[in-house]
Amino acid sequence: MSDDLTDDQTDGAEPIAVIGMACRVPGAPDLARFWDNLVAGRSARTELSRERLLRAGVPAEQLDDPDFVPVGYLLDDVEDFDAGLFGLTPREAALADPQHRLFLELCHSALEHAGWDPARFPGDIGVYGGRGMETYRWQHIHANRAIMAVTDHTTIGNGNHADTFTTLASYHLNLRGPSVGVYTACSTSLVAVHTAAEALRAGECDMALAGGVSIELPGDRGYLHREGAADSADGHCRPFDAAASGVVAGSGGGVVLLKRLADAVDDGDQVYAVVLGNAVNNDGAAKVGFTASGVAGQAAAVANALATAGVDPRTVTYVEASATGSALGDAIEVEALTSVYGRGRADRQWCALGSVKSNIGHLSQGAGVVGLIKTALALHHGRIPASLGYTAANPALNLHESPFYVNAALATWDTGTAPRRAAVSSFGIGGTNAHVVLQQGPIRAPRPAATGQAASAPSGAPPAPEQPSPHAAAGSSAAPATPAVLEPGMPQALIVSARSAAARDAAVARLADHLAAAGDPDLSDVAFTLRAGRAEHPYRAAVVATGGPDAVVALRDPQRRQSGIAVANPRVVLLFGDQAPGPVGLGLYDAEPKFAAAVDGCATAAGRDARELLADPLLAAFTAGYATARLCQSWGVRPATMLGHGVGEYVAATLAGVFDLADALRLVALHGRLAREAAGTAFTVSAAPDRLAALLPPQASIVAVDGPATCVVTGPAELLERLTEPSGRKIATRRLRTVHASPSAVTEAMLAELTTAVAAARPAAPSSPYLSCRTGLPVTADQTRDPAYWAGLLREPVQFGPGVATALTGGATVFLECGPGRRLAGLAQMQAPKDGPAPLHSLPADPADDLPTCYAAAAALWVHGVPLTFDGTGRRVPLPGYPYERTRHWIDPDPPAAVPIPPAATAPSTAGDGAATSGTALNGTPPTGSATGAPGATEPEVAAVLAPIWTSLLGIERIRPDDDFFAIGGTSLTAVQLVAQVRASFGVRLSMRLIFDAPTLDAMARTIEQRRAAAKAKA
C-alpha cells in the first residue's frame, strides 16, 4: 500500500490525529504506568479490610450484611493538587471539586505529552469534557459551616458547577478555542471526543482537548449489592464472561489532544492513532426503560461511525467495548455490534473484543476516553492487552456465530500488509451512544543525513512502534515534512524548568531515567521538544550533550549540569576581545547557518576566503565576535549594551551601525598592523591603576585597566619583572603573549594614518547602546563620529574594568564574551556579584570545542532568564511530564456532633519575621471575626485581626505586612467578600476603590483605622 489514501477509505471524513494523551486511573498515576499495567494484565481492584472500612465510617451492621462487597477501584492522592502550578490560591484549590482539578491537570499533561506549550501555539485550542456528580460540594463544602460562613455561593460555584468544568481549564491554561461541557452519563468522554473531532473538521479550533473524569466520594467504602442492580455481586468486572454480574465503580479519567491529521504531519507531531470516523445518537424510547440499553440505537451509532470513516468493517480487527459486565447488557452490545460488523459475512471470530473496565473498574464519565486511550496505545505498540476475568463466554452472546472473540491474553496485533484498525464504543444511561473508528498513526519516515542547524533545527525519528506497519494512516497523502537535520553526533542543549528547585531536580532525574530506558534516542528531537513544547518556569537546569548516553551522564552529573533561578528581564552585556590565538569558530561555521552567513559577509567585505579569515591573526577576533553576536541575536538575545576591549570596540560599533562591515574590517586590519609596529613587551600587573601609576618607571605605561586591581603595562621586561611596592614587597606580574601597542612607540604619523582612514569611513551615530572602552561610559554620537576618538584607541589606556563597573549599575547582568577564549569573561568575573550569574564565554581557544561551548553559553543564558527563540522545526517526541508537587487542598465536613462556632476575632501569633500566622482555614473554624468587642474592651491591633480574615479568604496561612491582597491570589470576587468581612469585624465600610488603593495588609489596616476614627469623631 502506498502513502496515499487506502482504496477503502477515499470517501471518509477528514482524519483527526490523536497526538497527546493523559490519564490517571486506579493503579496508574500516569500514562506510562497505565500501559505497563495493561500489558502485564494487572487488575487495580482493591480488597478493603474491615478496619479500613470502619475507619471510613461504614457501619458495622452494613459490613455484616452478606450482600456487602468490600471492594473498590481507588484513585490515589484525590485530596492533593499542585495549586501553585496552575495559579490557584490554596483556598481556591480547596474549594474546587477534585474532578475539576483532575481534569485541569490531565489537560496540562496531554499538552505536555504531545510536546505543545499552548503559549507558543499559534492557533486556537478547544476543550471538551464532562465529569461526574457534584458530591464534593454538598458533602464537604456545604457541610463545613465555618467555610460557608466566609465563602459566597459564586466562589463555590466557580470551582464546582458543571458549567465551569471546561472553562476553568481554558482559563488556567490560557486556551482560546471553544470550551464546551458534555454530559451524557457513561458515554460523556467519548461523546466529548466526537464533539471535538467535529469541531476540528469544522475549523472551530486547531487543536482540541477532549475527555472526562469521575471521582467517587468516598471511594473506599465498598457497596451493597442488590439483585438486578448494575453493581457486580462479587466485586469483579468480567466483561462477556459467563459469570459476569455487573461492574464496580472506579475513580479516574483521561484526556486526549486531537488535531487535524494533515496539520499534525506538517508540524512533526507524534501520531498515536487516527480518528477515521465517529458518530453519536440516542436510543429514544425504543427500549424497555430509560436506563436500559437499546440494540437498534447502538447498532445505528456503530453503522454511522463506520460509514463516516468510509472503511470496510472487515478491516476493523479490535473493538474496545462499552461492556456493562452483565449478562443482559453484554448480550445487547454484542448483538448490536454483530448486526453491523457481521452483516453479509460468513466468516466468524476475526475481530478481538475487550474492555478496560476489567482492569480499572467503571469510570463512568471518564470510561469512554480511557478506553480510547487504551486502544490508541494498542494501535501504536501493535499489541492488544488482555480483557481480564474472562474464562468462558456468556452463552447469550453467541460469540461463536459472531465476528468477535474475547481477547483473553496479551496478543501481538499483526494485520499483515493492512493498517491496524480498531473501534471504541461507549453507551450512556439515557441512551446516548458513541462509536469511534481508529487507525494506527503514520510511521515517521527516516530522514536523510544532512547538515543543518544544531540549535535551531533538530531532527530525527523517535522509537518506532513495537509492531511497525509499512502503511501511512488513511488520509495521509505524503510523508512528514523534513526540516533541516543534523549529522549524527552533534551536541544538543537540553533544558528543563519547574516552579521549585525540588520539582526541577525531579524533572531532570525523570528525563535522565527516560533517556536511559530509551537507549540512544535522537537527541535533537528531545532538545526540540523540551524547548518548543514546554512552558518556561523560574527554576531551571540545562546540559549540553552528544547522544542519548552522554545526555544521561550529563543530567546526572551536577558538575556538568547548569542550574539556577531565572531573573526577570536580566541585562545581557556582550563583550568583544581584540586578539585570537588561532583558527576559531570552524565548528560553528559548519553547523550554524546564521554564524556562517555572518562570517561569509565578513569574507565578502574583506575579499577573503571565510575559513582563511577565521584563521587570520588580525581579523579572526573581529570576525568570530561579530558572527557570534549575530548568531545570538538570531536566538533572540537582545543586549542591553556592549563593551569591546581595544580593537574589540569596532565589533560593538559595527553591530550598532557606526561602521559598515567593509570599513570596519579595513580599520581593524589597519589598527592591528599599527599596533604590531608599535608593540611592546606587555605584563599584567595586580595593582590598582592610581597606585600603579606612581610606581612605574618612566619607560613603562599602563595600556589597559582591566579591573579594580588589574592592569596591563608595557615597558622593559627587566624593570617590570622586579616591580615592587614602596615597602619593598614585590608586585605580582605576569608576562603576556598578546600584542599591545606601547604608547611611547605610537607615532603621530600612525595616529594621522588611522585618523584619515576613519574619516574616510564616515562613521555614524550608534543606533544601539554600547560602552566606550576609552571612558568606560556609554559612548556618545559625538565620540563615534569623531575620527580622533578612534585614533585614540591606539595610544590611550583601555578602560575595560570601569566599563564593566558601569554595566553592573543597571541591575541583574549576564556578561557574554563573544569570540575566542574566556579572558574578558574572567576579567568581568572579578567585579561580578558573588550571588549573580558567572560571566560566560561563547568560543573556546580550541576550535574542536566550538559547538559545546557555544551551546553551553546559550543554555546558561536561558537558565539565568534570558528569553531565547530558535528558528526551524523539529519532531515532537513524548517525554516525561511535569513532576506535580501535590499537597493537600481539601475541606473536611464538620464532625457529626460538632457544634458550629460563629466567626470570632482572634489575634494570631506573630512570627519573628513579621509575618502573621494563623490556623488552618480548611478544617474547622477560620480565626476571623469581630474586633469591636464589648464597650470599654481593649481592641486588638487592626492588622492582627485583618490577617486571619485574609487567611480565611485565600487559604494562605502566613500573611506579611507588605503582602498585596491581589498579588497573593485575591480577585475582585474575593475582594467583595473581604468588604463584608471587614464590615462584620470592624463595623467599617470599605469601598472597592479603597481596597484597590490600599491593597497591602498594613495599608488596609491603616485605612480601616482611619475610617473607624472618622466614624467615632462623627458620633
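Please refer to the structure placed before this passage.
Residues numbered from 1 in each chain as written. Predicted model: local features only at pLDDT ≥ 70, side-chain atom pairs only at ≥ 80, totals over all residues. Heavy atoms only, no water.

A.B. asks: Quick question: what am I supposed to make of the side chain of R260 here?
C.D. replies: Following the sequence through the fold, R260 ends up in strand β10 (residues 252–260). Judged by its relative accessible area of 12%, R260 falls in the buried class. Separated by 2.9 Å, the side chain of R260 and the backbone oxygen of C205 make a polar contact. If sequence neighbours within four positions are ignored, R260 has contacts with E14, P15, I16, A17, L200, G203, C205 and D206. (Helix = DSSP H or I, 4+ residues; strand = E, 2+ residues; numbered from the N terminus. Buried < 20%, exposed > 50% of the residue type's maximum accessible area, 1.4 Å probe, protein only. Polar contact = N/O pair within 3.5 Å; in protein donor to acceptor, adjacent residues only side chain to side chain. Contact = heavy atoms within 4.5 Å.)

A.B. asks: Explain the nonpolar core here, please?
C.D. replies: Within soluble globular proteins, side chains that are nonpolar tend to cluster in buried spots. Ranked by size, the top nonpolar core spans 121 residues in total, and within it L494, F622, Y650, F659 and W790 carry the most contacts. In this view, F622 contacts C602, Y650, V651, T654, L661, A664, L665 and V668; residues no more than four positions away in its chain are not counted. In this structure, L217, A264, A323 and A503 belong to the second largest nonpolar core, which totals 79 residues. (Core = buried A, V, L, I, M, F, W, Y, C linked by side-chain atoms within 4.5 Å.)

A.B. asks: Quick question: what am I supposed to make of the sheet that holds strand β23 (residues 641–644) here?
C.D. replies: One key point about sheets: their strands pair by backbone hydrogen bonds, in either a parallel or an antiparallel sense. Spatial strand order, β23-β22-β30-β31: 4 strands in an open sheet with parallel pairing. Bordering the open sheet on either side are β23 and β31 (840–843), each of which pairs with just one other strand. On average, adjacent strands in this sheet sit at an angle of 25 degrees to one another, irrespective of strand direction. With 4 bridges connecting them, strand β22 (residues 571–576) and β23 associate as parallel partners. Counterpart to L574 in the pairing with β23 is M642. Sheet strands in contact with helix α32 (residues 850–863) are β30 (813–820) and β31, and its direction is about 145 degrees off that of β31. (Pairing = 2+ DSSP bridges. Axes fitted to C-alpha atoms, helices over the stretch in contact; angles between N-to-C directions.)

A.B. asks: Mind showing me how you'd approach the pattern of salt bridges here?
C.D. replies: Proximity of charged atoms lets side chains of opposite charge pair with each other. All told, the structure shown has 39 salt bridges when counted by the stated rule. E134 is the partner of R131 in a salt bridge, and the nearest nitrogen-oxygen pair spans 3.4 Å. On the basis of relative accessibility, which here comes to 5%, the residue R131 falls in the buried class. With a shortest N-O distance of 2.8 Å, D269 and K259 are connected by a salt bridge. Pair noted here: D269 is in the loop between α11 (261–266) and β11 (273–282) and K259 is in strand β10, with a separation of 10 residues, a long-range link. Assigned by exposure class, D269 and K259 land together as buried. Residues joined in a network through salt bridges with shared partners are K259, D267, D269 and R876. (Salt bridge = Lys/Arg side-chain N within 4 Å of Asp/Glu carboxyl O.)

A.B. asks: Whenever I open this one, the packing of aromatic side chains confuses me. Can you help?
C.D. replies: The description of an aromatic ring pair uses the distance of the two centres, along with the angle that the planes make with each other. If you walk through the whole model with that rule in mind, you get 17 aromatic pairs. Seen in terms of ring centroids, Y789 and W790 are 5.3 Å apart; in terms of plane orientation they differ by 90 degrees. Their pairing is edge-to-face. Three or more aromatic residues joined by ring pairs form one cluster here, namely F81, F86, Y882 and Y884. Just above the ring of W862 sits the side chain of R540; from NZ or CZ to the centre is 4.5 Å. (Phe/Tyr/Trp six-rings, centres within 6.5 Å; stacked < 30°, edge-to-face > 60°. Lys NZ or Arg CZ within 6 Å of the ring centre and 35° of its normal.)

A.B. asks: Looking at this model, I keep getting lost on the sheet that holds strand β26 (residues 701–707). Mind explaining?
C.D. replies: Across the sheet, which stays open at both edges, the 4 strands sit in the order β26-β27-β25-β28 with antiparallel pairing between neighbours. The sheet is open, and its two edges are formed by β26 and β28 (733–735), each paired on a single side. Geometrically, the sheet is characterised by an average inter-axis angle of 25 degrees between neighbouring strands, direction not taken into account. Two strands pair when backbone bridges link them, and strand β25 (residues 682–685) and strand β27 (residues 710–714) are joined in this way by 4 bridges, in the antiparallel orientation.

A.B. asks: Sorry if this is basic, but what is going on with the environment of P763 here?
C.D. replies: When you line up the elements, P763 lands in the loop between α27 (748–761) and α28 (781–785). Classification of P763 as buried rests on a relative accessible area of 10%. Leave out the neighbours within four places in its chain, and P763 touches V658, F659, V758, T784 and R785.

A.B. asks: Sorry if this is basic, but what is going on with a negative patch on the surface here?
C.D. replies: Residues E941, D962, D1002 and E1009 make up a contiguous surface patch of negative charge. Within the secondary structure layout, E941 lies in the loop between β33 (916–917) and α33 (942–954). (Patch = residues over 30% accessible without salt bridge, like charges linked within 9 Å, V, L, I, M, F, W, Y side chains within 5 Å. Areas by Shrake-Rupley, 256 points an atom, 1.4 Å probe, with all protein chains shown as cover. Lys, Arg positive; Asp, Glu negative; His and termini not counted. Charge placed at Lys NZ, Arg CZ, Asp CG, Glu CD.)

A.B. asks: Is there a simple way to explain helix α17 (residues 523–532) in this structure?
C.D. replies: Side chains three or four residues apart in an α-helix point the same way, a direct result of the helix having 3.6 residues per turn. Most of α17 sits inside the fold, with 10 of its 10 residues counted as buried. Along α17, the residues that are buried comprise L523, S524, D525, V526, A527, F528, T529, L530, R531 and A532.

A.B. asks: What is the right way to look at the pairing of strand β13 (residues 351–354) in this model?
C.D. replies: Two faces make up the sheet, and in a regular strand the side chains alternate between them. Here β13 shows a buried face lined by C351 and L353 and a second buried face lined by A352 and G354. As a crossover connection, the stretch from strand β12 (residues 318–320) through helix α13 (residues 327–341) into β13 is right-handed. (Right-handed = clockwise from strand over helix to strand, strands pointing away.)

A.B. asks: Can you walk me through the packing of helix α16 (residues 501–518) against helix α18 (residues 548–556) in this structure?
C.D. replies: To characterise two packed helices, one gives the angle between the axes of the helices and the distance between these axes. With their axes 9 Å apart at the nearest point, α16 and α18 run at an angle of 155 degrees to one another. In terms of orientation, α16 lies roughly antiparallel with respect to α18. The crossing of α16 and α18 is left-handed. Contacts between α16 and α18 involve V508, L511, A512, D513, L515 and A516 on the former and, on the latter, A551, V552, L555 and R556. For the contact of α16 with α18, a count of residues per class yields 8 nonpolar, no polar and 2 charged. (Parallel < 35°, antiparallel > 145°, perpendicular 65-115°, else oblique. Left-handed = near helix turned anticlockwise from the far one by under 90°. Nonpolar A, V, L, I, M, F, W, Y, C, P; charged D, E, K, R; others polar.)

A.B. asks: Would you mind showing me how to read the environment of A83 here?
C.D. replies: If you trace the backbone, A83 turns up in the loop between β5 (80–81) and α4 (90–95). Classification of A83 as buried rests on a relative accessible area of 5%. Each C-alpha atom of the pair A83 and R886 lies 7.6 Å from the other, and the pair is 803 residues apart in sequence. Not counting the four nearest positions on each side in its chain, A83 is found in contact with L88, T89, A93 and H889.

A.B. asks: Help me out: how do you make sense of the pairing of β27 in this one?
C.D. replies: Among the 5 residues in β27, 5 count as buried, and that is most of the element. Pairing between β26 and β27: 5 bridges, direction antiparallel. Counted as the bridge partner of I702 is V713 from β27. Turn length for the β26-β27 hairpin, with the two strands adjacent in sequence and antiparallel, is 2 residues.

A.B. asks: Mind showing me how you'd approach α33 here?
C.D. replies: Spanning 13 residues, α33 covers 18 Å between terminal C-alpha atoms, matching the ideal 18 Å at 1.5 Å per step. Taking burial as the measure, the 13 residues of α33 include 13 buried ones, the bulk of the element. With its phi angle positive at about 75 degrees, G955 sits one or two positions after the end of α33. (Expected span 1.5 Å × (residues − 1).)

A.B. asks: What am I meant to see in unusual backbone geometry here?
C.D. replies: Peptide bonds are mostly trans, and most non-glycine residues show a negative phi. Following L217, the chain continues to P218 via a peptide bond in cis, the omega torsion being -10 degrees. Of note, P218 is situated in the loop between β8 (207–214) and β9 (223–224). Notably, A185 is not glycine yet its phi reads approximately 60 degrees, a positive angle. Looking at the element boundaries, A185 is found in the loop between β7 (179–181) and α10 (188–201). Judged by relative accessible area, which is 25%, A185 ranks as partly exposed. With phi around 70 degrees, F240 is a residue other than glycine that occupies positive phi space. Along the chain, F240 falls in the loop between β9 and β10.

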